[in-house]
Structures are given as structure tokens and as C-alpha cells.
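Here's the letter readout for the chains.
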There are 4 protein chains.
Amino acid sequence: MHDHDSLLAAYRRVRARTVALSAPLSAEDQVVQPSADASPTKWHLAHTTWFFEELVLGELRFDPAFRMLFNSYYEALGQRIDRARRGLVTRPDLARVHAYRSDVDARIERALTTGSLEPPARSRLELGLHHEQQHQELILTDIKQVLGEQPLQPAYRELSVSDTPRATPALAYRTFAGGIVDIGAASQGFAFDNERPRHRSIVEPFALANRPIVNAEVLGFIAEGGYREPRLWLADGWDTVRHDGWRAPMYWRDDGTLYTLGGVRAIDPSEPACHLSYYEADALARWLGGRLPTEVEWEVAVAEQPTNGHFADDDRFHPAPSTLAAGDGRLQVFGDVWEWTASAYAPYPGFRPLPGALGEYNGKFMSGQQVLRGGSCLTPRGHVRASYRNFFPPAARWQMTGARIAKDVA
Amino acid sequence: MHDHDSLLAAYRRVRARTVALSAPLSAEDQVVQPSADASPTKWHLAHTTWFFEELVLGELRFDPAFRMLFNSYYEALGQRIDRARRGLVTRPDLARVHAYRSDVDARIERALTTGSLEPPARSRLELGLHHEQQHQELILTDIKQVLGEQPLQPAYRELSVSDTPRATPALAYRTFAGGIVDIGAASQGFAFDNERPRHRSIVEPFALANRPIVNAEVLGFIAEGGYREPRLWLADGWDTVRHDGWRAPMYWRDDGTLYTLGGVRAIDPSEPACHLSYYEADALARWLGGRLPTEVEWEVAVAEQPTNGHFADDDRFHPAPSTLAAGDGRLQVFGDVWEWTASAYAPYPGFRPLPGALGEYNGKFMSGQQVLRGGSCLTPRGHVRASYRNFFPPAARWQMTGARIAKDVA
Amino acid sequence: MHDHDSLLAAYRRVRARTVALSAPLSAEDQVVQPSADASPTKWHLAHTTWFFEELVLGELRFDPAFRMLFNSYYEALGQRIDRARRGLVTRPDLARVHAYRSDVDARIERALTTGSLEPPARSRLELGLHHEQQHQELILTDIKQVLGEQPLQPAYRELSVSDTPRATPALAYRTFAGGIVDIGAASQGFAFDNERPRHRSIVEPFALANRPIVNAEVLGFIAEGGYREPRLWLADGWDTVRHDGWRAPMYWRDDGTLYTLGGVRAIDPSEPACHLSYYEADALARWLGGRLPTEVEWEVAVAEQPTNGHFADDDRFHPAPSTLAAGDGRLQVFGDVWEWTASAYAPYPGFRPLPGALGEYNGKFMSGQQVLRGGSCLTPRGHVRASYRNFFPPAARWQMTGARIAKDVA
Amino acid sequence: MHDHDSLLAAYRRVRARTVALSAPLSAEDQVVQPSADASPTKWHLAHTTWFFEELVLGELRFDPAFRMLFNSYYEALGQRIDRARRGLVTRPDLARVHAYRSDVDARIERALTTGSLEPPARSRLELGLHHEQQHQELILTDIKQVLGEQPLQPAYRELSVSDTPRATPALAYRTFAGGIVDIGAASQGFAFDNERPRHRSIVEPFALANRPIVNAEVLGFIAEGGYREPRLWLADGWDTVRHDGWRAPMYWRDDGTLYTLGGVRAIDPSEPACHLSYYEADALARWLGGRLPTEVEWEVAVAEQPTNGHFADDDRFHPAPSTLAAGDGRLQVFGDVWEWTASAYAPYPGFRPLPGALGEYNGKFMSGQQVLRGGSCLTPRGHVRASYRNFFPPAARWQMTGARIAKDVA
């Protein structure tokens, strides 16, 4: 969200964008579920709306059954459908979900216009908008799986792709001095609870790559047998490689092409590698002679970087090489691909979850996940910031995830 | 199919009925898949059409990719999508599948009108109609699972239900003498390959119940702890009861109601019990002091019975008590519920599969399944006959399956 | 058991043989369990003893906990350990199990000597001896899995193997006329309940091979891609081939050898193929242009055949070619390998289970299994007979199972 | 290991202790495997020996097949048996494994006596002794599962247990000031690679409990429905509770008793709770109003504490209340139970794995595990130290694991 938005304008803008993202899809596209991870588009449309109705308006008036259907994981709010069975819900149909959106939108807009929302509810409404932006990204990652796992691999929509061959930017490192640093979101302004409190940390001198790992490097890793060499992998990663038969990143095909939201295309060596699991990111970093950065290192490094990468607003929906000129001293760290860090997702010292049901928003996932930073080409511009902490389990690949290499500095 | 149909009239009638069965459903209803067993309606619409295009017209002209998408299990016809992933196919969408139906219908009708179909192709067209009738029943059983496993359990369509309480018909047995009998379909007229050749068999004297097991009996079984008493069950059945936590037939709810295609209703004690697995049918028969009949016994018993039960054409879509007057000496054995038999599905002596890919139609499923007889309230009238052999694995419950008790006669 | 045995002599002989079969094994060999199917030797030693104590003596005096530990599957006799966890039972140790055997032996012998056993108990004792012989065979099949699935594949004991190359006997068929036949065990003499009652059956003319399928034929099947060609397989069989990665019979190794109870040896083309599943037997028969016989056909064919094959008493523990001269009109149908039949395991008309807990001996397994006939090189001589019905699930391979081909006669 | 040991004396002492720990066990006890986690005693006896032969002597002379059988996870050292199949290895038998130990012991002692070991090999020998001590603890945890999951739950050996009722020590907190601290093992003296390098860290003020969570608190948690209240649990933890049906710590029985290595005993409320997963430790801490400490906090807090708890050398093999007097300002943090920390297992800044195959010793497990600190009543005295980092997955319960509560200090 941009700071200059009024809350009402922001609400209208965010809500309209969600609908726009679903516009290229048929009702059939929007109801199915390819895995427990990836939810149907229709579910996202309804769940984000339920969030406002339940947590801002506080009154389930449209259809009381929607709490059970469209609650995601809030145990405090009662029974709900199993995550893996969201794709069974053909009723309500898509039209009724749009009617639900309109009904709640009208009620929210009325409340905003009449000024009847108390400050706590306004805070939860602001949170609801950031929440909906998160689901905008999930709509794209999840529909990519819906379409990409079908035999015909249809495109989500036609995307403009440059045909000009691009040089793969050389890999260079920028060095950081280390020391005692302040990490996390300042106490003012919007941030999720998991970004706070801002706190001191110590970081040793390190270097960070000027760009993410690119496809050219993944192709080299594959050619040298990286997916068959256990010594490159974490033990859990190697188990996963064998069990799931991984031989390349997700959506890569055997014929030198990959599936994108614009359909099947040749693998472009210059592009940031995406749909990497943490295990692959870690193995690639090891193979390239480095390691993944910690989230503290990452946040230190980006402190003064502009957010100039590619975001969902660019309607590319696929990562692209840096727009910085070769030799530009800056790092392009935001957008394009989420960057796996070496840090397990854990509370900051003094972490306090939000009160009430919203306390489940972040805190209860603080085990078994790794932190990712920076946003991706599927993230709404303005949604991420330097302190933003995304998190996924180490085997997850359906997100727009890549990696950037770090090194110790002697 | 009725004998007096011309082939063209039969084609039009059967094809139209399939579309009519899908009419109450939204596009969303028709694309999802609740289990590997139950296919999407859209898939049924397309698969039955592909059958005519591939095996009658012999030319995949509409879209060559449809072979891979809509072949069910014919290994001889190449690669195909995994059965469990049929519910992912949002493209082609429903409209395109209807266009596919129209295109193939026009080509078939032209071929029939111009007389360009050779006799073997005409035979395969006739087979295709019986095949489509089988899928009409599956459309109903499968959409029942789609709708019935959703939290809101919506109705497929409104069904007229009698409110008049009905007496549960008394259980009586009719005795049969046994001897050397002829079993199976005669060599003339349509029958599936698994009904032939007609052959001699020996049957010992036996008795068969005048009606299927009814809900009143299932309620008694439950009340006496039948689902907790291993001695009533086959060993595999007991394993399934414990593993899957069965406590009642499928679609029964804890509050004395059950889900039907017309929505949730009170359990009517007088109705034939349905959605029983073979294991439950066997246990109920044992508890009631009898056993399931063999398929030979069943076929002997029904030789002179009319087909006067309830079929899909009655638009009831739920089994009902016999229409025969109490004391009527006849058995009402057709329609309402498929009746599990004690016979494993196996080839008749001298069985010959159909030539070519159609040889996979029946023969390759002759292991691990039990024979069922008689058709159900979801079967098109005229589709079944005394020699008709349906078959499902013993744990299957999503079909319209019940049972009738037999006894030895000393 | 031989008819001329007195019951006491038979008891001593059978019990001693069980111990002798376990003699080559260490205590460690006798405790572990490689799969839910294969039980530890120690468990067999104790379970067969418990059978006599519980069902003949009727008094659990040695250790009441043994009922729970060593009951196999009798639900009527209370709680018991999960089948898959038998290999956890290190206490009681082997010495105590031998003490248990001695204690029960002394009590049984005393009862027999003093004549205190009532006729029903004598019948159950006789059943217990046949039961123990069944477990003698299982001791061998199960220890073969214990040893054969270890990396070093040690021998159970040294076996004498002929080094003389043997010709593969030519495949020939003997024709049988068919007609109305009597099947099953006569009412006198020992037989299991599942062999009775003797009853009429109709069999059409058929031909049966002079010998089982041999390794030479399996090698041909493999060479022609039989394990990769779905059209040769039943649908369930093909699913199993793919899921379990079958490329050859169990215990075959990639280097042209196989594991036997005497250790690793070259594959001898002339030997009956063993460790075939029903699915493989069925596919091999189809590939060879025939089919598997029904159990009725098999029983008809062997009616006048001598039991002249190889049994466990020969201490070969591996099947060998027929001992009949080439051109001998007889079939060698007993011993060497159990022969899968096309018949699902089902009750005979008028079947009555044994009374009490023993009613679970056979009847409750009458679903999901196929009948095998004839005994094997691991079966005690004298244990099988023409009417003997063994049964295993179609995917089972750890038993000494092979097949013989039948054909229709026009 | 105690510092005053000569290497030879230490070698003899450690090796003898391992054998002594296995002495109460039969050969049968030592071969079986109750889960993929818990290895057979015999495997531990052989694996620790293989470690010396392969990595110190560098020559596999006794039996080359032992590399494949007894390598644990070193990918650099070639093929090995699946972890879950260690319990199948009945050959070599236990006697031969003892012969293997003797052979390697003689060769090591000769090398030490003659001074033929180069310094790197001496370092690896020292590592091998610490490695063997780790397996001494695993022998105890793993045999506890072997015996405790059997129906009869026999004791490992008789243990002296005080019958005097003990008061549950009151829960009190000691406060620590925080600041910049040095963490990790100093560069001199033995430590595992994962304890280094020693490095600066920042810790905020915190408080740490005077004792671990005790059974009285677990009983309260259970009584208040803690195992049924999702809001107390991490999301992954709650999934595990439901999936595995947890209702109490591992080895607790429904009748108010628990299984110990000394057999079944009443639950003593005053004892430290053990066999807790990380999820349970985290939920208990939340329920008690605190949280788990980070590993940095833990290490700061124990810096000046004596190692005065109960260790394996005490032959209690079960945790006991603190030996410190009430009001003693000190914490008893070593021994009794390993203490789960809130820290995911990750490399320290500048971490360098050991060279060669030993590089796999620790580093490749740095994902999906939590750090535990302090040792347990099954750990050899002298094996742990303040910087020692143990690690297990968050659902692991078969280890001697408990927890201590921390709190933020405002």
C-alpha cells in the first residue's frame, strides 16, 4: 500500500486488483485445487472477504456458513474445512462469491464513509489489505500450479516477452563490514507482528552477490550432476531429491523449456532461477562456493537499496534480469524472486503476537520454516519492505522463490 | 436401449439424456473430483464422446490432445492422464466439451444417415451407447460424492419424496430347486463380452429374500454393535472398518439423516439400504442369519422376473421399497440398488475378450472385484438384463449398492 | 501326516520337525521380522504351541500373557499384538519359548497317554498338527525373507545342488474331457473345513500343461519386455508392477543369479519358476498363449496323479524339474511349487465353518485371495492332497509360488 | 572424557563402557529395531567400531562388507544399508560383532602403544571416543524403545528407586542482564565442529527457571485439556498431536504409570518431565506463561554452573529432581534431561565443517532440527559442556528430552 492512499482509496484499489487478477480465469479454473498447498482462486476471493467481515465488521451477515468454509487457520474462530478439501467447494459458486465481495465492500465502504469504524477496527482493516495483497500473490502462484500441472499447460494470460537475447550479468560480490546493527521494523508505520520489535543484532563481515542465482548456473549445476551428488545437499534435502525424483527446478521440462504464467517458453539463462526449494537454493550456493545469507545479513545489505525490481504491477509475472547497468554498485534485491535465507523462521527477541484471533497470524508458524526476503515478480509493488519476513517450509517450490549467494569475509 | 429404437434414434436419445443429467450442474460442479474413484461430470461428457470418435469414427479430428485427456484406461491407445488427476483439467472448459459433443454428434449422425458405417463400426457404436449409459450412472454417483462431501451438502436437484410413512416389508424367502442351469447371455442380441459365453452351471437348492436389506435392518445392526464386532466381518472387511472408521453406510450422518441427491433427509427404515460396501453387505447378511447369493443363484432366481423396480428414468435417484403388493410371489430384483453377490468377478468358461483395444473393456479387471447384479435407481431403464454383470472392489461404497440375502436349503 | 501314525507318534514327529527346521538358525535370526507378512521363527515356534495349549488343553498355565503375544488372528480369543509388530518381541527369549514347547509337549503327551482327551479335543489336536505343518512351511518362507533381504544374503543351510545341466522339459498339454465332477474332500478323514462339502461341479473340456512354467520361460518373458507391456497384465497387476518396480520374480538379482535357501546361485532355466505373484503367473500364462486353470480343473486333472514331486522332507528347499521321464503321460503336480489358480478363494456350496473360535480358521479370509494348489518343496510330504486349498493375496510373492498353464479345448 | 586420561586409558574406558551397557541384554534384544529412529544395540556396537577402523586405522581388514553394513550416513564413504533396515541384519551375529570390536581394539591399542598414529589420526581417534559416547546414549534410548514398545514392557535392568516421596521444587526464576556475550567453544580443547567458532552474540535481559518442567506440571496441562487446545500449540505441533493421537508424553500409560528402563513405575510428580517433543515443550512453556530459551540464553545462563546433575554413570537411567537445596541460587542445568531450546540448529558465523568425510558429521543436519542443551541421565558424565549442541527434529520423543522455561525481562 502506498502511504498517500486514504484508507478508502487503498481499500478500493486493493480489492479491485484482486478481482482483476482473477479476470483471465474461467469459473472452472477458479474452483480446483492441485495440492494441499495451493488454494482455489475462488477460495482466495472469498477468504480475503471473510477476513474483513469477521475481523473488521465483526458480523457474519451474508452467510454464516462462510466462516466454516473460508476461515483459513484461525483455531480461535471455530471449525473449518480441511485445507486439502478447499477444492471440493463448488457451492457457493463463483457468482455468489462475487456477490459476497460486493456485499462486504459496500458495508466496509459505508463504515469508512460514515466514520463508524473504531481505531482498532481501522487497524484490522489496514491489516486486511496487506493480508489481501499476500493472497494476490498466492492467487498467482496457486493458479500457476492449477494450469501448469494440467497436461496442456495453458497460459494464465498472454505475456509480453522480450525476444532480445540478454547477457547473463557477471557474478560479483559487494562486501559489508558487519558490527552491531538494528534489525526489524520501527515501531511506527505498518508492519506485521513478526517484523517487530526492532532490536540489536551482531553481524560479522560478509559479502553478498550483486544478483540472484540465474538459470545459467542451474543449467551448469544440472550438467555437472548436482541433482545426483548427495554431498552437495543437506540431509533432508537429499532425502527429498530422492523421494520426489527432483532433477530440475519445478516447472522445468525435459526439452529445455519451462512453464510460465504466459505458457511454455525456452529457458532463458540470464533470468533469475525461480521455483527453487530451500534445499536447492542451499545446494546451488554450496556448489557455487558460497552459502545463503542470514536474514540479518540480508536486511543489513539492503538498507539503502531502492525497490527497483519487477513486481506484479508490471504484469510480467516472471522474473527478469536486473535493470541496473553493469557496474552499478547497487544491488537489485526487491521483486523478481523471493530470496531464501539461511535463517529459520523464529520470533524476534521480545516478540508479541497480535491480540485475539489475529495472534495466530504469524506466530504459530514459527517452526519448520525458513525466512525469505525481498518479494517477487508476483508481489504487489509497495507490499514488501526491508524488514518484511516471508516464510515457507524448505521443500516448498510452488512459490516464486530463488536465492542470492553470500560469503564470509576473512 | 430399447429394441425398437433405430440406431440413430437410440444415439440421439442416449446422447441427449447424458446432457440432460448434467443440466442441473454448474461448470464448477462439473470439473472437480472428490476422489480417484469419482470422475468429474465434464470428464464423463468428454470421455463418452471420445469413445465414439476414436472407436467408431476412427479419426481424432476435433482436438488430438483429447485422446490423452479423455482415454480412460485403454493401454493400447497410448498415454493418458492419471485417473486421480482428472479433476485438474480446467482446460478445455465445459463449453468446449459441449462443442466437442456437437461436433462428434454431427459426424456420427452424418455417418449413420449416409450409411457409411461398416458393420463392425456399427457394432462399436452400439457398444458406445451402452458404454455411455454406464457413464450416465457414474455421472450421478460421482456428482453425489462431489456434492455430498462438501460441507454444505447441496442437493443435485429437488426430488419429489413421499411423506407418507411406509411399512417396512416383511422379510420372506422364496425357494429355488437347484440343478443344472444355463447362465450368461445368449449369443444373439447385445451383451457385454463378460456375459458370454452362455454356459452350464450347477446350483444347489437355495432360498432368496423377497427384497433387499432395508435401512431398518442396518439400524438394528448398528444398535447391536455390528460395526464393533469383528466376528461378523471378513478379515479384510474388519481391517477396513477400523482403518477408515466406518460406523454406518456412506452418506449416513450422525443425526439420523442421510444425504441423497435431493439433499439431506431423515433415514427411512423401509427403504433398501444403499451405499453399502461388499464387506458391509456380507456382515449384514451374516448378522441376519444368511449369506449373499452367488451370481449364478441370482441369475437363476430372476429368470422370470419383470424389470419393475425404480430406474434413473423415474428421476427419483434414490432407492424405494418394492412396488409389489405384500404377498406377491414375485421378487423385485431390478433397479433401486445393485446387489452384491458372493462371486468374485471372473471370466466365464470360454470367455473371449473383444478384439483390439476393446479387449480391455472388461477382461483386465477380472481380479479383486465382486460381481453385482440388477441395476439401481441410477441405472437407465433398459440398460440392465438378467445376465448383466457389474463389478466393483469390495470396499467401494460410492456406488448405489445394496444386497439381498440368500440361504442354503437343507 | 501319515495315516499309520498313532496320534502320539504323529504329535512327536511333527513337533520335532518344527524344532529341527529352526536348528540352523541363531536366536537373532529367529526374532526379526522383515515385513508384516513374514513372521519371526520364534513366533511360529510359540504360536503353534499356544494353539495346542489354548485349543486342546484349554488351560493357559505356562504364562497367561502368551495368549496376547502368540494368538495369530482369533478375534474370539481376545486382544493380541499387531501382526506387523511380532518382530519386536525379544522377551520371552528363544530359550523360554523352547521351555514353553517342552511344557506343553509334556502336558499333551500326558493327556494322550492317559487318554484324558475327549474326542473333540483329539480332533482339535489333529487339526493342530496340520496347523503346525502349515507353519513349518511358513518358517521356511519367512526365514528366506529374513535372510534374503539382508545385504549379505546368507544361506539358511548348505544345500546339495546338482551341477549336471538339465534339459528344460518340453511343454506339452494333456487334455481332459470335462463334465459333471465331484470336487472337495470326502466327508471322512482329515481335511480343512474349506475343502468341504464335497459337491458337484461342471467343467468344460480343457488341457493342462505337463509341468509348471519354468525359468527359461520367465527369462523369455523378461527379454521380450513382459514387465513393461501393460496389455499382458490384469489392471491391478500392472498397477503393482509400476508401483513396486517389479522387473523379475522375487529373489532374482540383476546378475543372472537368484537367492535360494542355500544361498545365491545361477538361475537354472530348467527349474520351475517360483516366487511369482498371481499377477505374474497370469501375465506369463497369457504371454504363453494360455491361461491359469480354475481350481476345479486342477482338481479334476490331478485326481489320479501320484504325489511324486519334491517336498520339504527332501531337504532341497528349492523346486526342481519333474522326476518323470520325458514322454511319461503323467503330470507331476504335487510339491515343488504351489500353483496359482484362476479361482478366487470362496466357500464351497454349503460350507460350514468349524464351531467356536476355530470358525475363524479359514472362512474369514474368503475375500481378496486366490486359491493355490499342490504344495511345494517347502511343504511337509503328506500334508497336501488333491482337495487341499491354499490361498494368498494376488500380489504375494514371498511364498514358494509358481503356475501351470491351462487351455480351452475347442 | 576426562582431561586427565591418557588417550589409551580413555580408549579402554570408553570402549569397555559400551560393552557394559549392552551386558544386560540378550542377543535378541540387541538385533531388533522398533523404528527408523532407533537402531539395534548390535548396530551401535559395530558402527562405533567401524568408525575407528575406517577413519582412524584407514584399513578395513576385518570384513570389507562391514563398511556397507555399519556406515551410518557418510555419503563420501559409499553405499550403505537403509537406516530403517538395520534391524534386518541378523548376520553377522552378535558374537562376530564382539570379535570385530576385539580385533579393532587390538589394532588401535597397538597403534597407540607403538606411537604409529599421526596427529590427524589421533584427533580422529579422540573424535571417535566422543562419537562412541554419543552412541552410548543412543544405545540406552534405543533399547528403551525396543523394550518399551513390547507388550510386556520388560525392564532393561533393575534400578534402585527411592520410595521416599519428594516435594516438587517450587518454580523460581533467575534473571540475567543480557548484553554482548561470547558463545561457542574456545579454539583449544576438544569440541565438535558445530560448537565453533566462538563468536559474539547479543542477548536481551531474560530470566531462566531454576529447574526443568516437572511431571506435576504436565499432569496439570493434561488435566486442563492441553492436548486438546490448539491455541497452545505451534501449527506443526498441533498437526502432529492430531495425526499421532498424542495425549501425554511418550512412555506414559493410561493408568498413572510410565515406562522407565527399570520397568513400569508410578508417575512421580517431582521428577523432570522427559520424552517430550519440542512441540510439547513449547506448548507447556506457553501454558506456564513463559517460553523456551534460545540456545544463546541457555549458554549465557550456565556459564558458571557446576555439572552436578545425574548422568549415565549414576546408573539411574531416569531423571531425578535437583540435588540442590531449596533456595540454593544455582541452577542444575546439566544431566537428567536434555533441554529443548527455541533455536533452530544452524551454523555459527564462520562455521567450517571438518575436512573429508567427517565434514558430514554435523553440518548436513542443519535444517529442520532444534538445538538441545545440557545432557541427560543417559549421557556419560564429562561428555557434555556448556557449548555442547545436541539436535533433534521437533517431533522426536524417544530421546531423554525435557525443557526449562525462560521469560523476557521488561
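Calculation notes
- Residues numbered from 1 in each chain as written.
- Chains lettered and ligands numbered in written order.
- Predicted model: local features only at pLDDT ≥ 70, side-chain atom pairs only at ≥ 80, totals over all residues.
- Heavy atoms only, no water.
- Helix = DSSP H or I, 4+ residues; strand = E, 2+ residues; numbered from the N terminus.
- Rg over C-alpha atoms; globule rule 2.2 N^0.38 Å.
- Buried < 20%, exposed > 50% of the residue type's maximum accessible area, 1.4 Å probe, protein only.
- Contact = heavy atoms within 4.5 Å.
- Least-squares fit on C-alpha atoms with pLDDT ≥ 70 in both.
- Phe/Tyr/Trp six-rings, centres within 6.5 Å; stacked < 30°, edge-to-face > 60°.
- Lys NZ or Arg CZ within 6 Å of the ring centre and 35° of its normal.
- Expected span 1.5 Å × (residues − 1).

> Please provide a residue-by-residue account of the overall build of chain A, values included.
Per the secondary structure count, chain A includes nine helices and eleven strands. In summary, chain A has a C-alpha radius of gyration of 21 Å against a globular reference of 22 Å for 410 residues, a match within 12%. Judged by the C-alpha coordinates and their principal axes, chain A covers about 60 × 50 × 40 Å. Across the 410 residues that make up chain A, the buried fraction comes to 59%. Of the contacts made within chain A by residues no fewer than 6 positions apart, 78% connect residues no fewer than 24 positions apart.

> Would you mind going over the relation of the copies chain C and chain B in detail, with residue names and values included?
What connects the two chain copies is a rotation about an axis and a shift along it. Once chain C is rotated about the relating axis by 180° and shifted along it by 0.0 Å, it coincides with chain B to within an RMSD of 0.0 Å. Put plainly, the chains are arranged around a two-fold axis.

> Give a description of the packing of aromatic side chains that names residues and reports values.
For the structure shown, the criterion picks out 108 aromatic pairs over all chains. Ring centres of F190 of chain B and F192 of chain B lie 5.2 Å apart, and the angle between their planes is 80°; this geometry places the pair in the edge-to-face category. The interplanar angle of 85° and the centroid separation of 4.8 Å between the aromatic rings of F66 of chain C and Y100 of chain C together place this pair among those described as edge-to-face. Placement of the pair is F66 of chain C in helix α3 (residues 66-70) and Y100 of chain C in helix α4 (residues 94-114), with a sequence separation of 34 residues. Here F66 of chain C matches Y100 of chain C in class, with each residue buried. What links up through ring pairs into an aromatic cluster is the set Y11, F51, F52, F190, F192, W338, Y361 and Y388 of chain A. A cation over a ring is seen here: R397 of chain C above W246 of chain C, with NZ or CZ 4.1 Å from the ring centre. For the cation-ring pair, R86 of chain D lies above W43 of chain D, with the distance from its terminal atom to the ring centre recorded as 3.6 Å.

> Describe α4 of chain C, naming the residues involved and giving the relevant values.
A turn of α-helix holds 3.6 residues, and therefore any two residues three or four places apart point the same way. Residues and elements named next belong to chain C. Its 21 residues place the ends of α4 30 Å apart at the C-alpha level, agreeing with the 30 Å of an ideal helix rising 1.5 Å per residue. Those residues of α4 that sit buried are L94, V97, Y100, R101, V104, D105, R107, I108, A111 and L112. In this structure, the buried residues of α4 make contact with α1 (7-22), α2 (41-57), α3 and α5 (119-148). One or two residues past the end of α4 sits G115, with phi positive at roughly 70°.

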